[in-house]
Amino acid sequence: MIKIVLEPARNGVIKKVIDDNHGGGREHFTSTDVYESMEGDKNKFSYIKRFFFDLCDDLGLDAGNKFDPQVLDIKAEWGTHYEPSHKDIDQKIKRLKSELEELEEWKNI
């Protein structure tokens, strides 16, 4: 049986996966992962995304893959009361235009 133990850490989470029947031979196996926020990380939620996707994998939950029509996507967006700067708006417009161009290419294939 597999048991997952989560422990809070100072700036993240510690996840232990304990398997008391590893490989079907009653062999004990423990895997420990530390998910921590890095100071100055451009994407401050990247460790949280990695934690959730790894947890889904440990639990055998299918989050989809790049060939599926639907996949679980965990993303960060602007807060409902966030007032973006002109630079933020320009970056979002650029990203959305890129997504539109990609969709147009798929449409024309």
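It should be noted that the structure appears before, not after, this text.
For the structure given in this document, a descriptive report is provided here. Since this is a predicted model, take the numbers as computed values, not measurements. (Residues numbered from 1 in each chain as written. Predicted model: local features only at pLDDT ≥ 70, side-chain atom pairs only at ≥ 80, totals over all residues. Heavy atoms only, no water.)

**A short note on the overall build of the protein**
Turning to step 1, where the next piece is worked out: Within the protein, the secondary structure is distributed over two helices and three strands.
Turning to step 2, where the next piece is worked out: The order of helices and strands in the protein, counted from the N terminus, is β-β-β-α-α.
Turning to step 3, where the next piece is worked out: Relative to its length of 109 residues, the protein is extended, with a C-alpha radius of gyration of 20 Å against a globular reference of 13 Å.
Turning to step 4, where the next piece is worked out: Summarising its shape, the C-alpha atoms of the protein cover approximately 55 × 40 × 20 Å along the three principal directions.
Turning to step 5, where the next piece is worked out: The 109 residues of the protein split such that 10% are buried.
Turning to step 6, where the next piece is worked out: Accessible surface, the protein as shown: approximately 9700 Å² in total, 54% of it carbon and sulfur.
Turning to step 7, where the next piece is worked out: A gap of 3 Å separates the mean positions of the 17 positive and 23 negative side-chain charges of the protein. (Helix = DSSP H or I, 4+ residues; strand = E, 2+ residues; numbered from the N terminus. Rg over C-alpha atoms; globule rule 2.2 N^0.38 Å. Buried < 20%, exposed > 50% of the residue type's maximum accessible area, 1.4 Å probe, protein only. Areas by Shrake-Rupley, 256 points an atom, 1.4 Å probe, with all protein chains shown as cover. Lys, Arg positive; Asp, Glu negative; His and termini not counted. Charge placed at Lys NZ, Arg CZ, Asp CG, Glu CD.)

**Structural notes on the pattern of salt bridges**
Turning to step 1, where the next piece is worked out: Inspection of every chain in the model, using the stated rule, returns five salt bridges.
Turning to step 2, where the next piece is worked out: We note a salt bridge from lysine 16 to glutamate 7, for which the minimum N-O separation is 3.7 Å.
Turning to step 3, where the next piece is worked out: On the accessibility criterion, glutamate 7 (30% relative accessible area) is partly exposed.
Turning to step 4, where the next piece is worked out: Glutamate 99 serves as the salt-bridge partner of arginine 95, at 3.0 Å between the closest nitrogen and oxygen. With a gap of four residues between them, arginine 95 and glutamate 99 both fall in helix 2 (residues 86-107), about one helical turn apart.
Turning to step 5, where the next piece is worked out: The class of arginine 95 is partly exposed, set by a relative accessible area of 43%.
Turning to step 6, where the next piece is worked out: The structure contains a network of salt bridges with shared partners spanning Lys15, Asp33 and Asp58. (Salt bridge = Lys/Arg side-chain N within 4 Å of Asp/Glu carboxyl O.)

**A closer look at the sheet that holds strand 3 (residues 27-36)**
Turning to step 1, where the next piece is worked out: Pairing is antiparallel across the open sheet formed by three strands, whose spatial order is 1-2-3. Every other strand in the sheet has two partners, leaving strand 1 (2-9) and strand 3 as the edge strands with one partner each. Sheet twist, expressed as the mean angle between neighbouring strand axes with direction ignored, is 15 degrees.
Turning to step 2, where the next piece is worked out: Two elements, strand 2 (residues 12-22) and strand 3, share nine bridges in a ladder whose sense is antiparallel. (Pairing = 2+ DSSP bridges. Axes fitted to C-alpha atoms, helices over the stretch in contact; angles between N-to-C directions.)

**Comments concerning the pairing of strand 2**
Turning to step 1, where the next piece is worked out: When strand 1 meets strand 2, the two strands line up antiparallel, connected through eight bridges. Counterpart to isoleucine 2 in the pairing with strand 2 is aspartate 19.
Turning to step 2, where the next piece is worked out: Counted along the chain from strand 2 to the antiparallel partner strand 3, the turn is four residues long, and its residue glycine 23 has a positive phi close to 75 degrees.

**Structural notes on the packing of aromatic side chains**
Turning to step 1, where the next piece is worked out: Evaluated as defined, the whole model comprises three aromatic pairs.
Turning to step 2, where the next piece is worked out: Seen from their ring centres, tyrosine 35 and phenylalanine 51 are 5.3 Å apart, and the 75 degrees between their planes marks the pair as edge-to-face. Placement of the pair is tyrosine 35 in strand 3 and phenylalanine 51 in helix 1 (residues 46-59), with a sequence separation of 16 residues.
Turning to step 3, where the next piece is worked out: With a relative accessible area of 0%, tyrosine 35 lands in the buried category. (Phe/Tyr/Trp six-rings, centres within 6.5 Å; stacked < 30°, edge-to-face > 60°.)

**Regarding the side chain of lysine 15**
Turning to step 1, where the next piece is worked out: Topologically, lysine 15 is positioned in strand 2.
Turning to step 2, where the next piece is worked out: Of the residues examined, lysine 15 reaches a relative accessible area of 2% and is grouped as buried.
Turning to step 3, where the next piece is worked out: A polar atom in the side chain of lysine 15 sits 2.3 Å from the side chain of aspartate 58.
Turning to step 4, where the next piece is worked out: Residues contacting lysine 15, with those up to four places away along its chain left out, are Ile4, Val5, Leu6, Ser31, Thr32, Asp33, Tyr35, Phe51, Asp54, Leu55 and Asp58. (Polar contact = N/O pair within 3.5 Å; in protein donor to acceptor, adjacent residues only side chain to side chain. Contact = heavy atoms within 4.5 Å.)

**Things to note about the side chain of aspartate 19**
Turning to step 1, where the next piece is worked out: Here aspartate 19 shows up in strand 2.
Turning to step 2, where the next piece is worked out: Aside from chain neighbours lying at most four places away, what touches aspartate 19 is Met1, Ile2, Glu27, His28 and Phe29.

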